[in-house]
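If you want the building blocks of each chain, they are given just below.
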Amino acid sequence: AANALERGIAVFGESGRMRRRLAGIYVDQGRVDDAIAQLTEAAALEPMMPDTYGILGELYTQKGLYEKADQYLEEARRLDPENALHMARMGVLLVERGQPERQHEAETLLKEAVEKDKKSFLAHLYFARLILARPEPDLEQADWLLKNASKLDERSALPRSEEHTSELQSPCNLVCRLLLEK
């Protein structure tokens, strides 16, 4: 599939859509840097596509390049401020950065993402992670979020190309790790 898209881009010219699809294939193959290169080109070709910036932000978050991730996620949110997935991605970035002073902002974003998109695996999982990291976690709320995340994960027969990343762990593993850290 990657070869066909690469040939298509070479033959039919520049297409942001084709580059985004190729980037998705590269992510599935573990070729994150190649995916970033394709998405960067797609953003240059179609600068008003918020999903391109959102995916770039997610990939840079995975790589630990938080400043770049922040830039791309802010652009995604500027272009589409009500998008729950962009909110969730920004919440994940704030969690991953480990800045206690921004934990409330992360919680607010993730809570809003869960409310706006009841099917967001990412928002449910990371909101539960934040709740469990509190000094006095609301175990009932975390349990509800993790059960929903687990159901969402089980329902997906195909990889969630925009939301699911190889860095995410199963809800059960995440809970066990967080409880052991306490």
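Shown above is the structure to which this text applies.
Residues numbered from 1 in each chain as written. Predicted model: local features only at pLDDT ≥ 70, side-chain atom pairs only at ≥ 80, totals over all residues. Heavy atoms only, no water.

Trainee: Please clarify how the packing of aromatic side chains should be interpreted in this entry.
Mentor: In this description, an aromatic ring pair is defined by two values, namely the gap between the centres and the angle between the planes. The full count for this structure, using the stated rule, is 2 aromatic pairs. Measuring from ring centre to ring centre gives 6.3 Å for Y53 and Y72, while their planes differ by 20 degrees; the resulting arrangement is stacked. One end of the pair, Y53, is in helix α4 (residues 50-63); the other, Y72, is in helix α5 (residues 66-79), and 19 residues separate them in sequence. Each of the two residues, Y53 as well as Y72, counts as buried. Ring centres of Y60 and Y72 lie 5.6 Å apart, and the angle between their planes is 5 degrees; this geometry places the pair in the stacked category. (Phe/Tyr/Trp six-rings, centres within 6.5 Å; stacked < 30°, edge-to-face > 60°. Helix = DSSP H or I, 4+ residues; strand = E, 2+ residues; numbered from the N terminus. Buried < 20%, exposed > 50% of the residue type's maximum accessible area, 1.4 Å probe, protein only.)

Trainee: Explanation requested: the packing of helix α7 (residues 103-116) against helix α8 (residues 121-133) in the structure shown.
Mentor: For any two helices packed against each other, one specifies the crossing angle of their axes together with the interaxial distance. It is at 9 Å that the axes of α7 and α8 come closest, and there the two elements cross at 145 degrees. Regarding α7 and α8, the two cross each other, and that crossing is left-handed. Packed against α7, whose contacting residues are Q103, A106, E107, L110, K111, A113 and V114, the element α8 presents A123, H124, Y126, F127 and L130 at the interface. Across the contact of α7 with α8, the residue classes break down as 8 nonpolar, 2 polar and 2 charged. (Axes fitted to C-alpha atoms, helices over the stretch in contact; angles between N-to-C directions. Left-handed = near helix turned anticlockwise from the far one by under 90°. Contact = heavy atoms within 4.5 Å. Nonpolar A, V, L, I, M, F, W, Y, C, P; charged D, E, K, R; others polar.)

Trainee: In this structure, what is going on with helix α2 (residues 16-28)? I would like to understand it.
Mentor: Every α-helix winds through 3.6 residues per turn, so residues three or four apart in the chain are directed the same way. With 13 residues, α2 should reach 18 Å at 1.5 Å per residue; the first-to-last C-alpha distance of 19 Å fits that figure. Every buried residue of α2 is accounted for by G16, M18, R19, R20, L22, A23, I25 and Y26. At its buried positions, α2 is contacted by α1 (2-12), α3 (32-45) and α4. Two residues or fewer after α2 comes G30, characterised by a positive phi angle close to 80 degrees. (Expected span 1.5 Å × (residues − 1).)

Trainee: Whenever I open this one, the side chain of D70 confuses me. Can you help?
Mentor: For D70, the position within the fold is in helix α5. One buried charged side chain, D70, makes no salt bridge at all; its nearest oppositely charged neighbour is R97, positioned 4.2 Å away. Setting aside anything within four residues of it in sequence, one finds D70 in contact with M90, L93 and R97. (Lys, Arg positive; Asp, Glu negative; His and termini not counted. Salt bridge = Lys/Arg side-chain N within 4 Å of Asp/Glu carboxyl O.)

Trainee: What is the right way to look at the environment of S150 in this model?
Mentor: Following the sequence through the fold, S150 ends up in helix α9 (residues 139-155). Between the C-alpha atoms of S150 and F121, which are 29 residues apart in sequence, the distance is 7.9 Å.

Trainee: Please explain the pattern of salt bridges as it appears in this structure.
Mentor: Between side chains of opposite charge, a pair can form when the charged atoms approach closely. One pass over the full model with this rule turns up 13 salt bridges. R134 is paired through a salt bridge with E107; the nearest N and O atoms lie 2.6 Å apart. Residue R134 is found in the loop between α8 and α9, and its partner E107 is found in helix α7; the two are separated by 27 residues along the sequence. The exposure class of R134 is partly exposed, given its relative accessible area of 22%. The class for E107 is buried, based on a relative accessible area of 16%.

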